[in-house]
Amino acid sequence: MILARNLTQKTRPYPFVKWAGGKRQLISQMDKFFPENYNKYIEPFIGGGAVFFHLLPDNSIISDNNPDLINCYKVIKEDVEDLIKSLKKYKYEKDYFYEIRALDRDSKKFTELSDVEKASRSIYLNKSGYNGLYRVNSKGFFNVPFGRHKNPKICDEINLRNVSQVLKNAEIFMGSFENCLDYAEKDDFIYLDPPYFPLSDTALFTSYTKNSFDKSSQIKLFEVFKELNRRGCNLMLSNSYSEFILDLYKDFKIVTLKAKRNINSNSQKRGLINEVMVLN
Ligand SMILES: C[S@@+](CC[C@H](N)C(=O)[O-])C[C@H]1O[C@@H](n2cnc3c(N)ncnc32)[C@H](O)[C@@H]1O
């Protein structure tokens, strides 16, 4: 990767948001499975982009069906200096947080915000909200509570500029994962990291957006996986270590990874759980 080789520690970007299900902690276990050579890199569930920022591909297409998140990627790519200016206005303070959070309750006011203002609000809420979660209620209103952080870096100026630089080589789309069938070709590398199939009815968080990712979405994703495999793409897919997923992908190579996750409602109690990575 030419781009990655030219970056020093100071210019190497990292995820600009904390994202539920982020893969940062698993990269060292995944590293040996990334293909050495490929044509385009495609990531249809980009989230915080831990794998993308690890690989720093020269030529990529990234997407997600979360419009607020995709707006952030586009604004960072095209308008990073205005975004930095806008982010500098925010303060880490509880009442102020709830004021900013409430902006989406007034649809007229909200649509009047520019894309830069929407992106800075999303980044601010992510940095100041509880645990970097993104969650909306049934009306689509952001409803994550204020988080307790020590001095959160709301405007990480240097990283935002570094991210902007690497996004210059990426095409960014908003939409559902199956759209990747419109452009995936032989020898492309596609990393698929969907919301995980829950281990129990309440165990896992699957409502990143208004439409949660249910069993039929997992089956649709499996159909897309098979089609991409037929085309000769290099594939890697993450999911939970569940009977349903193990059975669905039984004809492919399955690797087990160990992830640190909250194992019960007490967030202090973290344990190691198995996750799967499917390869073709
Ligand atoms: C497990 S997270 C990805 C985490 C990412 N790999 C990281 O390191 O931060 C799953 C992502 O899928 C997105 N998503 C949910 N349903 C989707 C769909 N139907 N099509 C595309 N993206 C979807 C969510 O918005 C979320 O960002």
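Computed from a prediction, not measured in an experiment: that's the story for all the values here.

This part covers the site of the ligand. Near the ligand there are 24 residues, and of these Trp19, Lys23, Gly48, Asp64 and Asp193 occur at the shortest range. In this structure, a nitrogen atom belonging to the ligand sits 3.2 Å away from a side-chain N or O atom of Asn65. In the complex, 97% of the free accessible area of the ligand, which totals 600 Å², lies under the protein chains.

This paragraph deals with the nonpolar core. Membership of the largest hydrophobic core comes to 57 residues, with the highest contact counts inside it found for Phe16, Met30, Phe52, Tyr73, Ile76, Leu83 and Leu167. Per-element accounting of this core gives the leading share, 10 residues, to helix H4 (residues 67-87). A domain split of this core shows at least three residues from each of domain 1 (2-65 + 166-279) and domain 2 (74-158). Counting 26 residues, the second-largest nonpolar core is a separate cluster that includes Phe45, Ala184, Phe222 and Leu237.

Now for unusual backbone geometry. Glycine aside, negative phi is the norm for most residues, and most peptide bonds take the trans geometry. Even without a glycine there, the phi angle at Asn151 is positive, about 50 degrees. In this structure, Asn151 sits in the loop between helix H7 (115-128) and helix H8 (157-167). With a phi close to 70 degrees, Asp187 is a non-glycine residue in the positive phi region. Among the structural elements, Asp187 can be located in the loop between strand S3 (170-174) and strand S4 (189-192).

Between helix H5 (residues 94-101) and H7, the shortest axis-to-axis distance is 10 Å and the interhelical angle comes to 140 degrees. One finds that H5 runs oblique with respect to H7. Judged by the sense of rotation from one axis to the other, the crossing of H5 with H7 is left-handed. Listed contacts from H7 to Tyr96, Phe97, Ile100 and Arg101 of H5 are Arg121, Tyr124, Leu125 and Ser128. Looking at the contact of H5 with H7 residue by residue, the classes come out as 5 nonpolar, 1 polar and 2 charged.

A few words now on H7. Since one α-helical turn is 3.6 residues long, residues separated by three or four positions face the same way. Here H7 is 14 residues long and its end C-alpha atoms lie 20 Å apart, about the 20 Å a rise of 1.5 Å per residue gives. Within H7, 10 of the 14 residues are buried, leaving the element largely enclosed by the surrounding structure. Along H7, the positions that sit buried rather than exposed are Val116, Ala119, Ser120, Arg121, Ser122, Ile123, Tyr124, Leu125, Asn126 and Ser128. Buried residues along H7 sit against H4, H5 and helix H6 (107-112).

Once that is clear, we can look at the environment of Lys85. Position of Lys85 among the secondary structure elements: in helix H4. The spatial distance from the C-alpha of Lys85 to the C-alpha of Glu157 is 9.5 Å, given a sequence separation of 72 residues.

Right, let's talk about the domain arrangement of the protein chain for a bit. Domain annotation for the protein chain reports domain 1 (2-65 + 166-279) and domain 2 (74-158). For domain 1 and domain 2, the distance between their C-alpha centres works out to 25 Å. Facing the 17 residues of domain 1 at the interface are 19 residues of domain 2. Together domain 1 and domain 2 conceal approximately 1500 Å² of surface at their shared face, both sides included; 57% is due to carbon and sulfur atoms.

Criteria and cut-off values
- Residues numbered from 1 in each chain as written.
- Predicted model: local features only at pLDDT ≥ 70, side-chain atom pairs only at ≥ 80, totals over all residues.
- Heavy atoms only, no water.
- Near = heavy atom within 4 Å.
- Polar contact = N/O pair within 3.5 Å; in protein donor to acceptor, adjacent residues only side chain to side chain.
- Areas by Shrake-Rupley, 256 points an atom, 1.4 Å probe, with all protein chains shown as cover.
- Core = buried A, V, L, I, M, F, W, Y, C linked by side-chain atoms within 4.5 Å.
- Buried < 20%, exposed > 50% of the residue type's maximum accessible area, 1.4 Å probe, protein only.
- Helix = DSSP H or I, 4+ residues; strand = E, 2+ residues; numbered from the N terminus.
- Domains from an automatic or database assignment.
- Axes fitted to C-alpha atoms, helices over the stretch in contact; angles between N-to-C directions.
- Parallel < 35°, antiparallel > 145°, perpendicular 65-115°, else oblique.
- Left-handed = near helix turned anticlockwise from the far one by under 90°.
- Contact = heavy atoms within 4.5 Å.
- Nonpolar A, V, L, I, M, F, W, Y, C, P; charged D, E, K, R; others polar.
- Expected span 1.5 Å × (residues − 1).
- Buried area = accessible area lost by both parts, 1.4 Å probe.

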